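Each chain, letter by letter, is given below.
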Amino acid sequence: MARHTFAYRVITVPPSPPFPNGQTLARAHVLTQLTGSNGNSIKAVSCVDSGADGCAFPMSFALALKLDPLKMERNTAGGVGNSSNIVYYDKIKLEVGNIDDFLASSMTTFVPLIVKDIHAGFTTGLDASGIGLLGHTGFLDSCIATFDQRNLQFHLDI
Amino acid sequence: MAASPINLSDVLEGLPAGAWAAIYKHAVVAYGADVQQVLAQARANGVDDPLIVKVPESPEMLFL
């Protein structure tokens, strides 16, 4: 089993009425490359999300991959603030890496740390945030995730 | 031990809220309202495989 360690991405949130001193948030973000069943790919940010039942991504990514929603399997899913988002599915290759390694690299080839074939959902419900969710079915069901926010790190053992 | 992460907020500074951006290395190579158009513009600028991120609608947006 190999351990992959990632740094939390720390977000500073300005003051708001419930948090007059502002907030500092830590997000378990990784780089993901999605390759659709048609062979097209896109790189984006995803969140390792222990509260998500499966893996889902913004619908905009499906369109960028040139997947045809009219030909995709679909069901519905809920989340905070909604209960009936339509989710369109494709069998994709999911490759996970470190955002900083990719941005700092002078190489044009992405070297993933984790590669999986998954049944991924795409929904307009994620277009506002623009990030994917790596949840239990398809991702967390095949690795051990350790969230060590005290040290601003999280680990994926796979 | 993971290194300190690059602050994407710095990279995205000055871009319109809600825009999609294509990032390569530490620079924005294209941005706009539509991911497909942003990817096409990035490729026209010589970057075939950028990282696609979204500029937050507001800095205080939380995800629950």
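Below is a summary of the structure that appears in this document. (Residues numbered from 1 in each chain as written. Chains lettered and ligands numbered in written order. Predicted model: local features only at pLDDT ≥ 70, side-chain atom pairs only at ≥ 80, totals over all residues.)

## Some points on the overall build of chain B
- In terms of regular secondary structure, chain B is built from two helices and three strands.
- In sequence order, chain B lays out its α and β elements as α-β-β-α-β.
- The 64 residues of chain B split such that 28% are buried.
- Taking all contacts inside chain B whose residues are at least 6 apart in sequence as the whole, residues at least 24 apart take part in 36%. (Helix = DSSP H or I, 4+ residues; strand = E, 2+ residues; numbered from the N terminus. Buried ≥ 20, exposed ≤ 12 C-beta atoms within 10 Å, placed from the backbone. Contact = placed C-beta atoms within 7 Å.)

## Thoughts on the pairing of strand β5 (residues 41-48) of chain A
- Within β5 of chain A, seven of the eight residues are buried, leaving the element largely enclosed by the surrounding structure.
- Counting the residues in the hairpin turn of strand β4 (residues 29-35) of chain A and β5 of chain A gives five residues, including Gly-39 of chain A, whose phi is positive at 90°.
- Alignment of β5 of chain A against strand β3 (residues 51-54) of chain B, held across two bridges, turns out to be parallel. The partner of Ala-44 of chain A across the bridge, within β3 of chain B, is Ile-52 of chain B.
- With three bridges connecting them, β5 of chain A and strand β10 (residues 132-134) of chain A associate as parallel partners. Directly across from Ser-46 of chain A, in β10 of chain A, lies its bridge partner Gly-132 of chain A. (Pairing = 2+ DSSP bridges.)

## Here we look at unusual backbone geometry
- Look at Lys-66 of chain A: it is not a glycine, yet its phi comes out positive at around 65°.
- Note that Lys-66 of chain A resides in the loop between α1 (59-64) and β7 (73-79).
- The phi torsion at Lys-25 of chain B lies on the positive side, around 55°, for a residue other than glycine.
- Its place among the elements puts Lys-25 of chain B in the loop between β1 (20-24) and β2 (27-32).
- Overall, Lys-25 of chain B belongs to the partly exposed group, with 15 C-beta atoms counted inside 10 Å.

## Looking at the interface of chain B and chain A
- Taken together, the contact between chain B and chain A spans 23 residues of the former and 26 residues of the latter.
- Of all the secondary structure elements, the ones that give two or more residues to the side of chain B that touches chain A are β1, α2 (35-44) and β3 of chain B.
- With four residues, β3 of chain B is the single largest residue contributor to the side of chain B that touches chain A.
- The residue makeup of the side of chain B that touches chain A, split by class, is 15 nonpolar, three polar and five charged. (Nonpolar A, V, L, I, M, F, W, Y, C, P; charged D, E, K, R; others polar.)

## Topic: the environment of Val-10 of chain A
Residues and elements named next belong to chain A.
- One can find Val-10 in strand β2 (residues 9-13).
- Judged by local crowding, Val-10 falls into the partly exposed class, with 14 C-beta atoms found within 10 Å.
- What Val-10 contacts, discounting residues up to four positions off in sequence, is Thr-24, Ala-26 and Leu-152.

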